[in-house]
Amino acid sequence: SSDYSLDDSLGSCVEKLADQVMQNPQVLAALQERLDNTALTPSSYIETLPKAVKRRIDALKQLQVKCAHIEAKFYEEVHDLERKYAALYQPLFDKRREFINGEAEPTDAESEWHSENEEEEKLAGDLKNVVVIEEKAEAEEINVKGIPDFWFTIFRNVDMLSELVQEYDEPILKHLQDIKVKFSEPGQPMSFSLEFHFGPNDYFSNTVLTKTYKMKSEPDKTDPFSFEGPEIVDCDGCTIDWKKGKNVTVKTIKKKQKHKGRGTVRTITKQVPNDSFFNFFSPIKVSGDGESLDEDSEFTLAADFEIGHFFRERIVPRAVLYFTGEAIEDDDNFEEGEEGEEEVRCILHLL
């Protein structure tokens, strides 16, 4: 009987304590928040739905997959349009190359341009008119051909590219005369190539260095809802025919070796990889046997894809604006407007 009364008293105490806790506004608010959060979780909400409703949701997902396949066809046609319009741009890019390399001079009509800083330029022109005759005569003797170091200046202006360029790359890049984008032919797998055209130089015998980016425009069978347009999936470089002793992508180091038995020491020389922009033409290959790359390789490959995309979408179409810095200012202003968004450097999707 005493045991029963003790249990009864304890139960009564627990009930009273529970009542007091449940009357505490803070405890009630915390419990309500947990219930709300649980209720707001999409997956938990879906689980509560009747079987017939879940069946309809599955049907919607199947429609969504079909939409993704139609979207893939849309991007294939966009690629065809890009190829078509690339042919229309090309005569303008050819004329650009002629002006840059001094193969032709623009007419007065072609070189007429009204800039925003016209007043400042007029004042600068007036100041030039008062320069002493000797300096004028000396300046006239300088015969500047085309636009010197045009592409090299772009490399120097754009952070993404200047980070890749070493001091010993610079004399080579000063021989860069043109960069072209070529799209894959109709019926061929989707891809684009970058062509870097070089003038005669002391470093390699190639006149053109190429980099081809292979693309995929179809939903992934295992994750079709992740499809957001074509993405670069692999790339191929080219062989650079370096002249003797001029390969900047390797360096020679000397290493001492001690013979285990005799104790004699000999010095050997070996070549090891060297940082250089020209490693761009020897990219990491995506494994075809399904093996995954390590984290560093994945990062390097993603950065490579981003650079290829940047050449195609920004540098080649708007080269003069990257030379003058105007496009860089526009890019900076655009980034400043994206408040609260973390900058993403490794972009794989193209559109």
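This text gives an overview of the structure that appears in the document. Just so it is clear, the model here is predicted, and its values are computed rather than measured. (Residues numbered from 1 in each chain as written. Predicted model: local features only at pLDDT ≥ 70, side-chain atom pairs only at ≥ 80, totals over all residues. Heavy atoms only, no water.)

## Comments concerning the overall build of the protein chain
- Across its full length, the protein chain holds 12 helices and six strands.
- Classification of the 351 residues of the protein chain by burial places 26% in the buried group.
- Carbon and sulfur atoms make up 53% of the accessible area of the protein chain, which totals about 25200 Å². (Helix = DSSP H or I, 4+ residues; strand = E, 2+ residues; numbered from the N terminus. Buried < 20%, exposed > 50% of the residue type's maximum accessible area, 1.4 Å probe, protein only. Areas by Shrake-Rupley, 256 points an atom, 1.4 Å probe, with all protein chains shown as cover.)

## Looking at a nonpolar patch on the surface
- On the surface, Leu81, Tyr85, Leu88, Tyr89 and Leu92 cluster together into a nonpolar patch covering about 540 Å² of accessible area.
- If you trace the backbone, Leu88 turns up in helix H4 (residues 51-100). (Patch = residues over 30% accessible without salt bridge, like charges linked within 9 Å, V, L, I, M, F, W, Y side chains within 5 Å. Salt bridge = Lys/Arg side-chain N within 4 Å of Asp/Glu carboxyl O.)

## Comments concerning the packing of aromatic side chains
- All told, the structure shown has 25 aromatic pairs when counted by the stated rule.
- Aromatic rings pair up to connect Phe155, Phe196, Phe198, Phe204, Trp242, Phe277, Phe278, Phe280, Phe281 and Phe311 into one cluster.
- In this structure, Lys211 packs its charged tip against the face of Phe280, placed 3.5 Å from the ring centre. (Phe/Tyr/Trp six-rings, centres within 6.5 Å; stacked < 30°, edge-to-face > 60°. Lys NZ or Arg CZ within 6 Å of the ring centre and 35° of its normal.)

## Details of the pattern of salt bridges
- Tallied over the full model, the rule gives 13 salt bridges.
- Residues Arg83 and Asp80 are paired through a salt bridge, measuring 3.1 Å at the closest nitrogen-oxygen approach. Pair noted here: Arg83 and Asp80 are both in helix H4, with a separation of three residues, about one helical turn.
- Here Arg83 falls in the buried class, since its relative accessible area comes to 17%.
- With relative accessibility at 38%, the residue Asp80 sits in the partly exposed group.
- In this structure, the salt-bridge partner of Glu110 is Lys95, at a minimum N-O distance of 3.1 Å. Here the residue Glu110 occupies a position in the loop between H4 and helix H5 (118-128), and Lys95 occupies one in helix H4, the gap between them amounting to 15 residues.
- Exposure remark for Lys95: the relative accessible area of 37% places this residue in the partly exposed category.
- A cluster of three or more residues bridged by salt bridges with shared partners is formed by Lys214, Asp234, Asp236 and Lys285.

## A look at the pairing of strand E3 (residues 208-216)
- Here E3 shows one buried face, formed by Leu209, Lys211, Tyr213 and Met215, and one open face, formed by Val208, Thr210, Thr212, Lys214 and Lys216.
- Relative to E3, strand E2 (residues 191-198) runs antiparallel, the two sharing seven bridges. Its bridge partner lying in E3, Ser193 is registered against Thr212.
- Pairing of E3 with strand E4 (residues 231-236) involves five bridges; the strand directions are antiparallel. Across the sheet, residue Tyr213 finds its bridge partner in E4, namely Cys235. (Pairing = 2+ DSSP bridges.)

## Observations concerning the sheet that holds E2
- Reading across the sheet, the four strands line up as E1-E2-E3-E4 and stay open at both edges, with antiparallel pairing between neighbours. Each edge of the open sheet carries a strand with a single partner, namely strand E1 (176-183) and E4. Within the sheet, the average angular offset between the axes of one strand and its neighbour, ignoring direction, is 20°.
- Of the strands in this sheet, E1 and E2 touch H4, which is tilted by about 160° from E1. (Axes fitted to C-alpha atoms, helices over the stretch in contact; angles between N-to-C directions. Contact = heavy atoms within 4.5 Å.)

## Let's talk about the side chain of Thr249
- When you line up the elements, Thr249 lands in the loop between E4 and strand E5 (250-258).
- The class of Thr249 is buried, set by a relative accessible area of 12%.
- Within the local environment of Thr249, its side chain forms a polar contact with the side chain of Asn247, the two groups lying 2.5 Å apart.
- In this structure, Thr249 is in contact with Trp242, Val272, Pro273, Asn274, Ser276, Phe278 and Asn279, ignoring residues within four places of it in sequence. (Polar contact = N/O pair within 3.5 Å; in protein donor to acceptor, adjacent residues only side chain to side chain.)

## Re the side chain of Asn101
- Within the secondary structure, Asn101 sits in the loop between H4 and H5.
- Once residues within four sequence positions are removed from consideration, Asn101 is found in contact with Lys145, Gly146 and Gln177.

## A word on the environment of Lys270
- Of note, Lys270 is situated in strand E6 (residues 265-273).
- In this structure the C-alpha to C-alpha distance between Lys270 and Val250, which are 20 residues apart in sequence, comes to 9.8 Å.

## Concerning the nonpolar core
- Counting 48 residues, the largest nonpolar core has Phe155, Phe196, Phe278 and Phe311 as its most contacted members.
- Here this core takes six residues from helix H10 (residues 295-315), the largest share from any one element.
- Phe155 has contacts with Leu161, Ser162, Val165, Leu173, Leu176, Ile179, Phe196, Phe277 and Phe311, leaving out every residue within four places of it along the chain. (Core = buried A, V, L, I, M, F, W, Y, C linked by side-chain atoms within 4.5 Å.)

## As for a negative patch on the surface
- The grouping of Glu116, Glu326, Glu329 and Asp330 at the surface amounts to a negative patch.
- Along the chain, Glu329 turns up in helix H12 (residues 326-336). (Lys, Arg positive; Asp, Glu negative; His and termini not counted. Charge placed at Lys NZ, Arg CZ, Asp CG, Glu CD.)

## So, unusual backbone geometry
- Backbone geometry at Asp149 places phi at a positive 55°, although glycine is not the residue there.
- Examined against the element boundaries, Asp149 turns out to sit in the loop between helix H6 (133-141) and helix H7 (150-157).
- Since its relative accessible area comes to 32%, Asp149 is described here as partly exposed.

## Observations regarding H7
- Across the eight residues of H7, six count as buried, placing the element largely inside the fold.
- Those residues of H7 that sit buried are Phe150, Trp151, Phe152, Thr153, Ile154 and Phe155.

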